[in-house]
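# What the coordinates show
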Amino acid sequence: MSKTALLLVDIQNDYFPAGDWELHGMEQAAENAASLLASAREAGQMVVHIRHENPSPEAPFFRAGSHGADIHSAVTPSTGEPVLTKARPNSFVDTGLLELLQEAGIEALTLCGAMSQMCIDATARAARDLGFDVTVAEDACAARAMVFGGVELSAQQVHAAFMAPLAMSYARVVSTAEVLKAR
């Protein structure tokens, strides 16, 4: 059994066009994530789907029980693949993810999904701090444009601003093609 697991984080309907919180490039990111998913399944790697759910009915997106909170069809879980629900950006908080990975003897994680600046960043940093080797398939992740202190940042700038520090000390940040070539 492989000691690497694929984590698909928050690839949910609300992040796609016509969703309540559309991300730039989410369709391409999901296409790349689907390639990673197919490869992981073929290699017999553990696959874990993470989905975010906001408990408040007034939440701007991922409202509990809504279509927007469902995992997108591009990466539909197969029977036997764990689906964990979280309420925080860090996929390890109150989900049982760490125990699941430890029980399976997982030592390395490949991450993809959304948002680059929230759940991917928080999960990658936590995973590394917990001792996992971490790879982020950066083109299988998507971000959202932001404004801070009067500075407007495009989704591409936000994505790069989060991938660069992850690559410095938390993860191997590479393309989907590079992940697939290494398998």
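In short, a report on the structure. (Residues numbered from 1 in each chain as written. Predicted model: local features only at pLDDT ≥ 70, side-chain atom pairs only at ≥ 80, totals over all residues. Heavy atoms only, no water.)

A few words now on the overall build of the chain. Helix and strand content of the chain: five helices and eight strands. Along the longest, intermediate and shortest principal axes, the C-alpha atoms of the chain span 45 × 35 × 25 Å. Each of the 183 residues in the chain was classed as buried or not, and the buried ones make up 48%. Within the chain, residue pairs in contact and separated by at least 24 positions form 75% of the contacts whose partners lie at least 6 positions apart. Accessible area of the chain: about 8600 Å², with a carbon and sulfur share of 52%. Distance between charge centres in the chain, computed from 12 positive and 22 negative side chains, equals 4 Å. (Helix = DSSP H or I, 4+ residues; strand = E, 2+ residues; numbered from the N terminus. Buried < 20%, exposed > 50% of the residue type's maximum accessible area, 1.4 Å probe, protein only. Contact = heavy atoms within 4.5 Å. Areas by Shrake-Rupley, 256 points an atom, 1.4 Å probe, with all protein chains shown as cover. Lys, Arg positive; Asp, Glu negative; His and termini not counted. Charge placed at Lys NZ, Arg CZ, Asp CG, Glu CD.)

Turning our eyes to something else, we now look at the sheet that holds strand β1 (residues 4-9). Taken in spatial order, the six strands make up an open sheet running β3-β2-β1-β4-β5-β8, and their pairing is parallel. Two strands close off the open sheet at either side, each with one partner strand: β3 (83-86) and β8 (172-174). Taken pair by pair, the neighbouring strands of this sheet meet at an average axis angle of 25 degrees, ignoring direction. Bridging between β1 and strand β2 (residues 46-52) involves five bridges; their strand directions are parallel. Bridge assignment links Leu 7 to a residue of β2, and that residue is Val 48. Against the sheet, helix α1 (residues 26-43) touches β1, β2, β4 (108-114) and β5 (133-142), its axis set at about 140 degrees to β5. (Pairing = 2+ DSSP bridges. Axes fitted to C-alpha atoms, helices over the stretch in contact; angles between N-to-C directions.)

Inspection of the secondary structure puts Gln 117 in helix α3 (residues 116-129). With relative accessibility at 6%, the residue Gln 117 sits in the buried group. Within polar-contact distance, the side chain of Gln 117 engages the backbone oxygen of Arg 144 at 3.2 Å. When neighbours within four sequence positions are excluded, Gln 117 is seen to be in contact with Ala 143, Arg 144, Met 146, Val 158 and Phe 162. (Polar contact = N/O pair within 3.5 Å; in protein donor to acceptor, adjacent residues only side chain to side chain.)

A few words now on the pattern of salt bridges. Taken as a whole and judged by the stated rule, the model has five salt bridges. In this structure, Glu 53 engages Arg 51 in a salt bridge whose closest nitrogen and oxygen atoms are separated by 3.0 Å. A relative accessible area of 24% places Glu 53 in the partly exposed class. For Asp 121, the salt bridge goes to Arg 125, with nearest N and O atoms at 2.8 Å. (Salt bridge = Lys/Arg side-chain N within 4 Å of Asp/Glu carboxyl O.)

This part is about the packing of α3 against helix α4 (residues 155-169). Running from N to C, α3 and α4 point in directions that differ by 5 degrees, and their axes come no closer than 10 Å. Judged on the interaxial angle alone, α4 and α3 are roughly parallel. Contacts between α3 and α4 involve Ser 116, Gln 117, Ile 120, Asp 121, Ala 124, Arg 125 and Arg 128 from the former and Val 158, His 159, Phe 162, Met 163, Pro 165, Leu 166 and Ser 169 from the latter. Looking at side-chain class alone, the contact of α3 with α4 contains seven nonpolar, four polar and three charged residues. (Parallel < 35°, antiparallel > 145°, perpendicular 65-115°, else oblique. Nonpolar A, V, L, I, M, F, W, Y, C, P; charged D, E, K, R; others polar.)

Bringing the pairing of β2 into the picture now. Summarising burial for β2: seven of the seven residues are buried, a large majority. Where burial is concerned, the two faces of β2 agree: the one with Met 46, Val 48, Ile 50 and His 52 and the one with Val 47, His 49 and Arg 51 are both buried. You can see the chain leave β1, run along α1 and come back into β2, and the turn it takes is right-handed. By the bridge criterion, four bridges tie β2 to β3 in an arrangement that is parallel. (Right-handed = clockwise from strand over helix to strand, strands pointing away.)

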